[in-house]
Amino acid sequence: TVQHELSHVYQAIAGNKRISTFDGIYTKARTFLGSSDIGLRSIAEVIYFSYCYEQDGFINGLYGELMSKGVPSPRWSDLKDTGFYSDLIRFLNAVEYVSENEAALSDVCRKKFGLNIRKVVENGKIAERRIKEKIGKVLIKIRMDYEGEGVRFLSDTKGNTSPYLE
């Protein structure tokens, strides 16, 4: 989403540094995200989502999407109606697949990325925990934004509700 990409720009400016899009491992991961080889694609998914700035970009996009839908008390089940959901499920499935097939994927990981498969699995599990924690924080933040920051609902003439800031 646009919000996802803008969060990358903000991170680069706020950190006064270039985001490592030219990092060789990151670039390879992006390249292999479309691979027809499930093992290679799964390793690429885990590596790609292991980068904190990608996690943050997706989380910021999720926040923007849920806010734009006007869901004042979102729940985990509301994630299914977002563009983020398919990416999340793909990532979680990739972590599971790579974890369950470490031995078989070890050579591919070393040859294509120059990485130890164990490190990829470990980073994937760290990323999974971080993403889940951030999703929880987004759900809480949206509730707080609606309740504590002056966001209210008014009915328009068609009976729909629209949030606005006072």
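Above this text you will find the structure in question.
**Thoughts on the overall build of the chain**
Here is step 1 of the chain: Each helix and strand in the chain was counted, giving 7 helices and 2 strands.
Here is step 2 of the chain: Seen in sequence order, the chain has helices and strands lined up from the N terminus as α-α-α-α-α-α-α-β-β.
Here is step 3 of the chain: Relative to all contacts within the chain whose residues are 6 or more apart in sequence, the contacts with residues 24 or more apart total 63%.

**Observations regarding helix 4 (residues 52-69)**
Here is step 1 of the chain: The end-to-end C-alpha separation of helix 4 is 26 Å, in line with the 26 Å expected for 18 residues at 1.5 Å each.
Here is step 2 of the chain: What helix 4 keeps buried is the set Tyr53, Glu54, Gln55, Asp56, Gly57, Phe58, Ile59, Gly61, Leu62, Gly64, Glu65 and Leu66.

**A short note on the side chain of Glu45**
Here is step 1 of the chain: Inspection of the secondary structure puts Glu45 in helix 3 (residues 38-50).
Here is step 2 of the chain: Taking the relative accessible area as the measure of exposure, Glu45 reaches 4% and is therefore buried.
Here is step 3 of the chain: In this view, Glu45 contacts Leu33, Arg90, Phe91 and Ala94; residues no more than four positions away in its chain are not counted.

**Comments concerning the packing of aromatic side chains**
Here is step 1 of the chain: Scanning the entire structure with this criterion turns up 10 aromatic pairs.
Here is step 2 of the chain: Ring centres of Tyr48 and Phe58 lie 6.5 Å apart, and the angle between their planes is 80°; on these two criteria the pair is classed as edge-to-face. One end of the pair, Tyr48, is in helix 3; the other, Phe58, is in helix 4, with 10 residues separating them in the sequence. We note that Tyr48, like Phe58, is buried.
Here is step 3 of the chain: Here Phe49 and Phe58 contribute two aromatic rings whose centre-to-centre distance is 5.0 Å and whose plane-to-plane angle is 35°, an arrangement assigned as tilted. We note that Phe49, like Phe58, is buried.
Here is step 4 of the chain: Through pairs of rings, three or more aromatic residues link up here, namely Tyr26, Tyr48, Phe49, Tyr51, Tyr53, Phe58, Phe84 and Phe91.

**Some thoughts on the environment of Asp37**
Here is step 1 of the chain: In this fold, Asp37 is placed in the loop between helix 2 (24-32) and helix 3.
Here is step 2 of the chain: Reaching out from Asp37, the side chain makes a polar contact with the backbone nitrogen of Gly39 at a distance of 2.8 Å.

**Quick look at the nonpolar core**
Here is step 1 of the chain: By size, the foremost hydrophobic cluster in this structure holds 36 residues, and its most contacted members are Ile43, Phe84, Phe113 and Ile135.
Here is step 2 of the chain: When residues of this core are traced back to their parent elements, those giving at least two are helix 2, helix 3, helix 4, helix 5 (84-100), helix 6 (102-113) and helix 7 (117-148).
Here is step 3 of the chain: Here the element with the most residues in this core is helix 7; it accounts for 10 residues.
Here is step 4 of the chain: Excluding its chain neighbours within four sequence positions, the residues that come into contact with Phe113 are Ile25, Lys28, Ala29, Phe32, Leu40, Ile43, Ala44, Ile47 and Val108.

**As for the packing of helix 3 against helix 5**
Here is step 1 of the chain: Contact geometry of helix 3 with helix 5 gives a least axis separation of 8 Å together with a crossing angle of 115°. Both helix 3 and helix 5 take part in a crossing whose hand is left-handed. Here helix 3 contributes Ile38, Gly39, Ser42, Ile43, Glu45, Val46 and Phe49 to the contact with helix 5, which in turn contributes Asp87, Arg90, Phe91, Ala94, Val95, Tyr97 and Val98.
Here is step 2 of the chain: Looking at the contact of helix 3 with helix 5 residue by residue, the class counts come to 9 nonpolar, 2 polar and 3 charged.

**Observations regarding the pattern of salt bridges**
A pair can form between side chains of opposite charge whenever their charged atoms are brought close.
Here is step 1 of the chain: Counted under the stated rule, the structure contains 10 salt bridges.
Here is step 2 of the chain: Note that Arg90 is salt-bridged to Asp87, the shortest N-O span being 2.6 Å. With Arg90 and Asp87 both in helix 5, this residue pair falls 3 residues apart, about one helical turn.
Here is step 3 of the chain: By relative accessible area, which is 38% here, Arg90 ends up partly exposed.
Here is step 4 of the chain: Taking relative accessible area as the criterion, Asp87 reaches 15% and is therefore assigned buried.
Here is step 5 of the chain: Two residues, Arg110 and Asp107, come together in a salt bridge whose shortest N-O distance is 2.5 Å. Taken together, the residues Arg110 and Asp107, both in helix 6 and 3 residues apart, mark about one turn of the helix.

Criteria and cut-off values
Residues numbered from 1 in each chain as written. Predicted model: local features only at pLDDT ≥ 70, side-chain atom pairs only at ≥ 80, totals over all residues. Heavy atoms only, no water. Helix = DSSP H or I, 4+ residues; strand = E, 2+ residues; numbered from the N terminus. Contact = heavy atoms within 4.5 Å. Expected span 1.5 Å × (residues − 1). Buried < 20%, exposed > 50% of the residue type's maximum accessible area, 1.4 Å probe, protein only. Phe/Tyr/Trp six-rings, centres within 6.5 Å; stacked < 30°, edge-to-face > 60°. Polar contact = N/O pair within 3.5 Å; in protein donor to acceptor, adjacent residues only side chain to side chain. Core = buried A, V, L, I, M, F, W, Y, C linked by side-chain atoms within 4.5 Å. Axes fitted to C-alpha atoms, helices over the stretch in contact; angles between N-to-C directions. Left-handed = near helix turned anticlockwise from the far one by under 90°. Nonpolar A, V, L, I, M, F, W, Y, C, P; charged D, E, K, R; others polar. Salt bridge = Lys/Arg side-chain N within 4 Å of Asp/Glu carboxyl O.

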